[in-house]
Structure formats: structure tokens, C-alpha cells
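# Working through the structure, step by step
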Amino acid sequence: MGLLPVSTTGVRPTDDERPERRLRAWMRLVGRCSVTCAGRSLLRTFAPRALEPVMNLRSWVSRGTVRTVRRTRQIAGHGRANGGFGTRGEPNTGPMVRVDQQLTTVGASLARSDERMLTGRNAAGRVWKTGFGGLDPLIGGGMRAGSLILLAGPQGLGKSTFALQVARNNAASGRPVLYFSYEHDAEDMTQKLLAMEAGELDDSDMVRMTSIRSIFDDLWVSSLDHRLESVPSGVEALAKVSHYSEMLFVHRSTGTRTDLAAIQNAIDAVRELAGTTPLVVVDYLQKVKSAHQDDEARSTEIVEGLKDIAIDISAPVLAIAAADKEALRSGRRMRANDLRGSSALAYEADVVLVLNNKFDIVARHHLTYDLGNAERFKDFAVLTVEKNRFGRDGVVMQFKTRFDQGRYESEGTEVKEQLIDERVFRE
């Protein structure tokens, strides 16, 4: 049973009948529920009052849109001859009525949620999984519709690799993804996808990004599948990439022409082609074109714009964020306040994820008493949930890096060692 019943009579109500009928049915349901006396008393006290404005709005509410009639004194003074109101105060002409698509009511939102639940389109349709074990439960089940997720970290720690892996995981599940790439072309990303898939399929650890790249660069004439026969699990990897290739859209973006408007236009085009709204990945945020020259103003404009886009399209936006120069020093742990540009970055984002090299942030005694740890720690990235509107923040996980295969191992584990913000010694 949904939150609000569709109809209390078995007959589907019209749009005009829906609000008050649902609220009356909800009131009857409340009376039958086993709730606390205080809760029942409050609901019975305020529900009738809530009914009155809904009834008054019933001719204004239609599918979540409120038609706002502006009856100004100037228009009223013109009378019926100039398109004024009739004897019953009703508008006679179209220009009197303006539809504001941004205005809605909680009642309309409840109706949409109820319809989604009754038709089986429950929360799963509003959550996009990252595909990284242990991370999704921490951030509300995955990347939620309308949310802006920032991914940050020092240079060379695989932020693009992490984002592409998230994009691959969603495209492979049958959901469209639009990847705005400001630093890599589509062929470069295709090579990384092939290495990623082959690396996951092959247990021998013989797959290398360098082998995949050389196959694409060789001058001898042959088909791609024939060339990939020389790579362990290469042909199988090609088949897997081909399976979801039409769901992963790559936009070759540049800082000179790809602004927020271009991002919105590309999203609309993909939605038209795929028939549904895509997950949006922006790699990376500070390269989105802006008219502002100042870093702080640029960052504020872009992060606010991306957040607005996420809400408008009702899908997540995953954006990579660059760090301040000071945060890039070796041995220093990067935090959310190290993001380059405005403080609006951390404020506007719903989730902030920060990657750090484990070797750089582990406490000294873990290295001093076991020198073998030094090399082992370099193979792990620590992912910290710096901000989380959908759960607990401050959570730390580690993922093994396989950058030789263009990927992270997808199963994260708990960090057991003590971590610090800055080491005062070097190798």
C-alpha cells in the first residue's frame, strides 16, 4: 500500500478530484492506524485545516504544476473589453494565466511519489550505484537523483579512473551515462575501458594498459578483435565493452566552448536518444567554461550551475574537482577545504569524496616498524567521505589501485592503520 491511496472508491479520480479525495482517504487511514495518542491527536487536529487550502487549490493544481492567475489592479481597470474578467471573476483570455513550471505543492509531490510506488518505480529508479563495494550504503544506497557528488584528490591518484569506472558500472547495468571529458578523447577512454574489463577477467595479472595502447597504435592492418587476441581475455573484454558501448556517451569538452548551457544541451540530446535521463560525469569542474576570470567566482558559478542541473534533470551529477596547489604536497592529506576555488564547492555538494595515497597519510610508526609496509601502502588509495547529506561523514575506506590496468579493485576494505593529516618526515 502506498502512502496515499489512489482512490477510495475503486474509480480513478480526475485531476480536479485527486487532492481532496486523497487527503480525506489519508485522514480516514490515520484514524485506523495504531499510532501514539499524541501523534493521532495532532494529525486529527491539523488534517482538517490542511484540507481547506487543498480544496481551494484543486482547480489550480494539475500534474504538479500550479497555474498562477495574476489579477493586478491595472488589468482589472481595463475591464472585459481589454481581456479582463467576466461577471464571475473568471479570466476571459489566455494572457491572464501563466504556468510556472518551477512551482509545485507538497501534495503534488506526494501524489507523484505514491504513483511511483504503485507502479513499481520505487527508490531504485532514483539511485545510481557507484559499483564500489562498501561505498554505496554509506551515501544513501548510491548516487541519488538531484544530488551533486564531488570527487577530489591529488594529481595522479586516478580520479578520472574512478569516475570512468563508476560510469562503466552504470552503463553496463543498462542506464545511460554522459561523460564530459575535458582532458581525454573517446579513443583514450575506450582503451582504458578495454584494459579495465580485461584486467577484471584475467587472473594472471598479465593485462597492461601499455599493451592495449600499443595495439591501437600499431600500423599493421588488422581488425580490433584480431589484435586483441594477443591480450589475455582481450576478445572477451571487447565483447563486454561492445555490450554497453551505446549507453556510454562521451562528450569531447573544452574550456573554450563547453559551458553550462552546452552541458545542458548535451544532456537533452542524450535524453532524446536514450529515452531516459543519464548519469552525468564532469571531468573536471574547474575546466567548465565561464565568463568569470577569478577562480572563486568561476567555481561558484559552475558548482551552483551543476547543482541546479542535477535537480532539474532529477539525476546525479558526479564532478571531479581540482585541489589547491598547497594540498598537492607529498605527505599531506587532502581535505574538502583544499578544493580549488570557492567555499561554495563544499557547500553546494551533497557528497564530497576525497582520495589520498595511503602511504602519504599513514602514521609514521606503521612504516618504522615494518619497512615492507612502505611499498604495500603505495598500492592503496584511501577514500574519505568528507561530506554526506545522506548518511555519516568522516568514513574512511581503502581501495587497491591497479593503474597498470586502468582501474581500481572494486571491493573496498576498512582502514585499520592510524592516519594523519601531515607527515613531518620524508623518505
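Scope of this entry: the structure provided in the associated data block.

Reading the values: rules and limits
Residues numbered from 1 in each chain as written. Predicted model: local features only at pLDDT ≥ 70, side-chain atom pairs only at ≥ 80, totals over all residues. Heavy atoms only, no water. Helix = DSSP H or I, 4+ residues; strand = E, 2+ residues; numbered from the N terminus. Contact = heavy atoms within 4.5 Å. Salt bridge = Lys/Arg side-chain N within 4 Å of Asp/Glu carboxyl O. Buried < 20%, exposed > 50% of the residue type's maximum accessible area, 1.4 Å probe, protein only. Phe/Tyr/Trp six-rings, centres within 6.5 Å; stacked < 30°, edge-to-face > 60°. Lys NZ or Arg CZ within 6 Å of the ring centre and 35° of its normal. Polar contact = N/O pair within 3.5 Å; in protein donor to acceptor, adjacent residues only side chain to side chain.

Here we take up the overall build of the chain. Across its full length, the chain holds 15 helices and 15 strands. Here the contacts in the chain between residues at least 6 apart in sequence split such that 67% fall between residues at least 24 apart.

Glancing now at the pattern of salt bridges. Within the structure shown, the criterion is met by 11 salt bridges. The shortest N-O distance in the salt bridge between E197 and R168 comes to 2.8 Å. One end of the pair, E197, is in helix α6 (residues 186-201); the other, R168, is in helix α5 (residues 159-172), and 29 residues separate them in sequence. The exposure class assigned to E197 is buried, which follows from its relative accessible area of 1%. Among the salt bridges present, the one from D350 reaches R389, with a minimum N-O distance of 2.9 Å. Placement of D350 in the loop between α12 (344-348) and β11 (351-357) and of R389 in the loop between β12 (380-388) and β13 (395-402) is noted, with a sequence separation of 39 residues between them. Residue classification places D350 among the buried positions, given a relative accessible area of 5%. Since its relative accessible area comes to 44%, R389 is described here as partly exposed.

Scanning all chains against the criterion turns up 6 aromatic pairs. Centre to centre, the rings of F403 and Y408 are 5.3 Å apart; their planes meet at 90 degrees, and the pair counts as edge-to-face. By relative accessible area, which is 1% here, Y408 ends up buried. Between the NZ or CZ atom of R175 and the centre of the ring of W128, over which it lies, the distance is 4.0 Å. In this structure, K387 packs its charged tip against the face of Y347, placed 6.0 Å from the ring centre.

Turning next to the environment of V303. Position of V303 relative to the elements: it lies in helix α11 (residues 295-313). Not counting residues up to four positions away in its chain, the partners in contact with V303 are L148, L285, A344, L345 and E348.

It is worth spelling out the side chain of T130 at this point. Along the chain, T130 falls in the loop between β4 (127-128) and β5 (143-144). For T130, the side chain forms a polar contact with the main-chain nitrogen of F132, separated by 3.2 Å. Discounting chain neighbours no more than four positions away, the residues touching T130 are L135, D136, I139, M143, V166 and N169.

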